[in-house]
Amino acid sequence: MKWQMPIGVDNFFDIRSKHYYFVDKTDFIRQLIDGHSAVTLITRPRRFGKTLTLSMLEYFFSIEKEAQSRHLFDGLAIDRAGEDYMAQRGQYPVLFLSLKDLKDLTWPQMLQSLSSWISYWFIDHDYLGDSPSVNPDLRRRFLALKQQTAGQNEMQLALALLVKMMHQHFGRPVILLIDEYDAPIQQAWEHGFYTECIAFMKQFLGSVLKGNSDLDFAVLTGVLRVAKESIFSDLNNLDVCSVMDAAYREVIGFTPQEVAQMAEDLTMAEALPDLKKWYDGYLFGGAEIYNPWSIINFFRHGEVGDYWVNTSGNGIIREMLRHVTADTEGDLLALLQGRQVTALIREGVIYEDIGRDTDALYTMLLTTGYLTAVSRRRGIGGIRCELVIPNREVQDIYRFEILDKMRGRYSVSRLETMFDELLSGKGQAFSELLGGYLRDLVSVYDTAHKESFYHGFVLGMTALFASDYIIESNRESGYGRFDLAIIPKDVAKAGVIMEFKVAASEADMAAKAKEALQQIEEREYVTEFRQRGIHQVWKYGIAFCGKKILAFQGPMC
């Protein structure tokens, strides 16, 4: 059988009725029936299947979709679980909403979008405005929200109103499903209206979720857990299931067994080693998970690639780069070379902590899928974790964002050309290109001291060459410490050793560059390469002064 890959299809009815390939996650329904919290929040990275998961719940439980769902679950895990479970199908009023399309750039624009979305939701439930079972006063409020004549205070209570009216109409409490609840909050944080958005969402969600007798239970999904103090204030019935928790750990994303079965069904089992390198590496509650979006795209296109990187912005990565310090620079260098960094993970942080607290930033990088925790132990105020970049695809995202930040007016391809010249021993061409790069870098950061240059240079080198080269800085070799070494993993390739000097004036640059090159020779910095079996090394002594650069190249040794 030739399967279609459901790229961008997140409606459960379409998946099942149009015979797309479906990885059976319906055992989640059994788990919820066996025992659920009043409010469950499941946080997972973007494009991991959260919307489809909630659509699956809607089609199973919804009384309004009972006819449509009659055969959708035939032969699936929930069907095999037995009649007692299937008897729950189509028995509940269900409200399923998504906030993922709230992508406005200002608060007035977002408030207008919220008004429009509330109106759409109410139009979808237009029968409530005429229902004799619903209180007439509630019907009048319903009409104002549907016609977008209600004010902000009424909008903040819209979900609570809709749930109450559904309860009255159907005669039983409502199941509430909210997809990407934090999408507007992250958008607000990135564009400078976080305070206004948080104030609205606190009432908008809190009024429907806190101690609400009209609610049977609620399931929310998102990328981040926003601290209780900022949005879920006094909500004591919230059960958070993050990437650190064991509950529901295999519900969202693909397990190794599921990926192997897909590969077998699609006669592509030989691709499994590449799939593991590119898209595996996530650990959710200790369970190994693959990125489902990228896996589906691979089986659709038949080749590995960076499928996840283009699905939305990478604001968390850019925020990390904006707050790079000497410590985080070293951490970033280690991460890009496949090493671990240690951080205290505190999942109750808020966005405003990111710029002030490195641990908060790493918490965000973990929950958004840009890092994964390979070990954990209890620390003071949180969980101390060893973090790594999960796979090749995510490593490419770091590289792209670093290059985009560092490139100034140059294209990425121009930077690649510059480093090709460096690795080929074309010192003059490299020096000319680097001079232009330095002019942009200094103008961007408005500084001309060694640390800023060195920082930008190391990050740029790492971003380009982390896969094929080992980047070492300030490492002992021979009789001293070199500034920068680019060490090929393939010993047949040439490496690079570099020493930097700051000149007090342009007239001193030649002497400083010569001094740097002489230091490489006298202190035998190539010892590091020899010990690794590398016998071709280009040597560069580089002097800079403000926006000027001069590079002297020594003979290959």
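Rules of the game
Residues numbered from 1 in each chain as written. Predicted model: local features only at pLDDT ≥ 70, side-chain atom pairs only at ≥ 80, totals over all residues. Heavy atoms only, no water. Helix = DSSP H or I, 4+ residues; strand = E, 2+ residues; numbered from the N terminus. Buried < 20%, exposed > 50% of the residue type's maximum accessible area, 1.4 Å probe, protein only. Lys, Arg positive; Asp, Glu negative; His and termini not counted. Salt bridge = Lys/Arg side-chain N within 4 Å of Asp/Glu carboxyl O. Polar contact = N/O pair within 3.5 Å; in protein donor to acceptor, adjacent residues only side chain to side chain. Contact = heavy atoms within 4.5 Å. Core = buried A, V, L, I, M, F, W, Y, C linked by side-chain atoms within 4.5 Å. Pairing = 2+ DSSP bridges. Arc of directions from axis to C-beta. pLDDT = per-residue confidence, 0-100. 1 Å grid on protein atoms, 1.4 Å probe; cavity = no way out; pocket = protein on both sides within 12 Å on 5 of 7 lines; lining within 4 Å. Points joined across faces, edges and corners; volume = space filled by probe spheres on them. Nonpolar A, V, L, I, M, F, W, Y, C, P; charged D, E, K, R; others polar. Axes fitted to C-alpha atoms, helices over the stretch in contact; angles between N-to-C directions. Phe/Tyr/Trp six-rings, centres within 6.5 Å; stacked < 30°, edge-to-face > 60°.

Student: Just checking my understanding: could you explain the side chain of D104 for this structure?
Tutor: Topologically, D104 is positioned in the loop between strand 2 (94-98) and helix 6 (107-124). Buried D104, no salt bridge; nearest opposite-charge side chain is K103, N-O distance 10 Å. Of the polar contacts made by the side chain of D104, one reaches the side chain of S113; its length is 2.9 Å. Residue contacts for D104: discarding those within four places in its chain leaves Q109, M110, S113, Q187 and F193.

Student: Looking at this structure, I do not really get the nonpolar core. What am I missing?
Tutor: Core analysis: the largest hydrophobic core is formed by 82 residues, its most contacted members being L57, F73, F299, L387 and Y398. With six residues, the single largest contributor to this core is helix 3 (residues 50-61). Those residues in contact with F299, other than ones at most four positions away along the chain, are M5, V259, M262, A263, L266, M268 and L275. In this structure, V39, W121, L161 and F232 belong to the second largest nonpolar core, which totals 53 residues.

Student: Would you mind going over the pattern of salt bridges with me for this structure?
Tutor: Between side chains of opposite charge, pairing is possible as soon as their charged atoms come close. Under the definition given, this model contains 19 salt bridges. For K25, the salt bridge goes to E258, with nearest N and O atoms at 2.9 Å. Linking K25 in the loop between helix 1 (12-17) and helix 2 (27-34) with E258 in helix 12 (residues 256-265), this pair joins segments that are 233 residues apart in sequence. Just as K25 is buried, E258 falls in that class too. The partner of E528 in a salt bridge is R532, with the nearest N and O atoms 2.9 Å apart. E528 gets classed as buried once you look at its relative accessible area, which sits at 5%. Each of D27, R30 and D34 takes part in a single network of salt bridges with overlapping partners.

Student: What is the right way to look at the side chain of T40 in this model?
Tutor: As for its position among the elements, T40 is in strand 1 (residues 39-43). What T40 contacts, discounting residues up to four positions off in sequence, is A218, V219, L220, D239, C241 and Y248.

Student: Is there a simple way to think about the environment of D490 in this case?
Tutor: Note that D490 resides in the loop between strand 12 (480-488) and strand 13 (495-502). Of the residues examined, D490 reaches a relative accessible area of 39% and is grouped as partly exposed. Between the alpha carbons of D490 and I534 there is a distance of 8.5 Å; along the sequence they are 44 residues apart.

Student: In this structure, what is going on with the pairing of strand 4 (residues 215-222)? I would like to understand it.
Tutor: Successive side chains on a regular strand alternate, one facing one side of the sheet and the next facing the other. With respect to burial, strand 4 is a largely interior element, seven of its eight residues being buried. Of the strand pairs in this sheet, strand 1 and strand 4 are connected by five bridges, and their pairing is parallel. Among the inter-strand pairings, V39 is bridged to a residue of strand 4, identified as A218. Where strand 3 (residues 174-179) lies against strand 4, five bridges are found, and the strand directions are parallel. From the neighbouring strand, I178 faces strand 4, where its bridge partner is L220.

Student: What should I look at first to understand helix 12 in this one?
Tutor: Since one α-helical turn is 3.6 residues long, residues separated by three or four positions face the same way. For helix 12, the complete set of buried residues consists of E258, V259, M262 and A263. The buried residues of helix 12 occupy one face: seen down the axis, they fall within an arc of 140°. Exposed side of helix 12, more than 90 degrees from the buried face: Q257 and E264 are the residues found there. Tucked into the core, helix 12 has its buried residues touching helix 13 (272-279) and helix 14 (292-301). With its phi angle positive at about 50°, T267 sits one or two positions after the end of helix 12.

Student: Just checking my understanding: could you explain the confidence of the model for the chain for this structure?
Tutor: A low pLDDT means the predicted coordinates there should not be read in detail. Per-residue confidence for the chain averages 87 on the pLDDT scale, and 86% of its residues sit at or above 70. Here residues 444-448 is modelled with pLDDT under 50, and outside its nearest four sequence neighbours on either side it reaches six contacts, counting other chains as well.

Student: Looking at this structure, how should I read the layout of surface pockets?
Tutor: In this approach the atoms are scanned with a rolling probe the size of a water molecule, which exposes any empty space left behind. Its boundaries defined by the atoms lining it, the largest pocket holds a volume of some 1,100 Å³. As for the largest pocket, its lining consists of 45 residues, of which R46, R47, F48, K50 and E180 are closest to the centre. Of all elements in the fold, only helix 1, helix 3, helix 10 (183-191) and helix 14 reach the threshold of two or more residues within the lining of the largest pocket. If one sorts the elements of the lining of the largest pocket by residue count, helix 3 sits on top with five residues. Counted by class, the lining of the largest pocket contains 23 nonpolar, 11 polar and 11 charged residues.

Student: When you look at the sheet that holds strand 1 in this model, what are you seeing that I'm missing?
Tutor: If you walk across this open sheet you meet the five strands as 2-3-4-1-5, and the pairing is parallel. Single-partner strands in this sheet number two, and they are strand 2 and strand 5 (238-241). Mean inter-strand twist for the sheet, computed between neighbouring axes without regard to direction, equals 15°. Strand contacts of helix 3: strand 2, strand 3 and strand 4, with the helix running at about 165° to strand 3, the strand carrying the most contacts.

Student: Where do I start with the packing of aromatic side chains in this structure?
Tutor: Each aromatic ring pair is specified by the distance between its two centres and by the angle formed by the two planes. Counting across every chain of the model gives 25 aromatic pairs. When the centroid spacing of 5.0 Å and the interplanar angle of 70° are considered together, the rings of F28 and Y248 count as edge-to-face. Of this pair, F28 sits in helix 2 while Y248 sits in the loop between strand 5 and helix 12, placing them 220 residues apart in sequence. Considered together, F28 and Y248 belong to a single accessibility category, that of buried residues. Ring geometry for F48 versus Y282: centroids 5.1 Å apart, planes at 85°, classification edge-to-face. With F48 in the loop between strand 1 and helix 3 and Y282 in strand 6 (residues 282-284), the pair connects residues that are 234 residues apart, well separated along the chain. Y282 matches F48 in its accessibility class, with the two residues each being buried. Through successive ring pairs, a cluster of aromatic residues spans F12, F22, F60, F61, F73, Y92 and F217.

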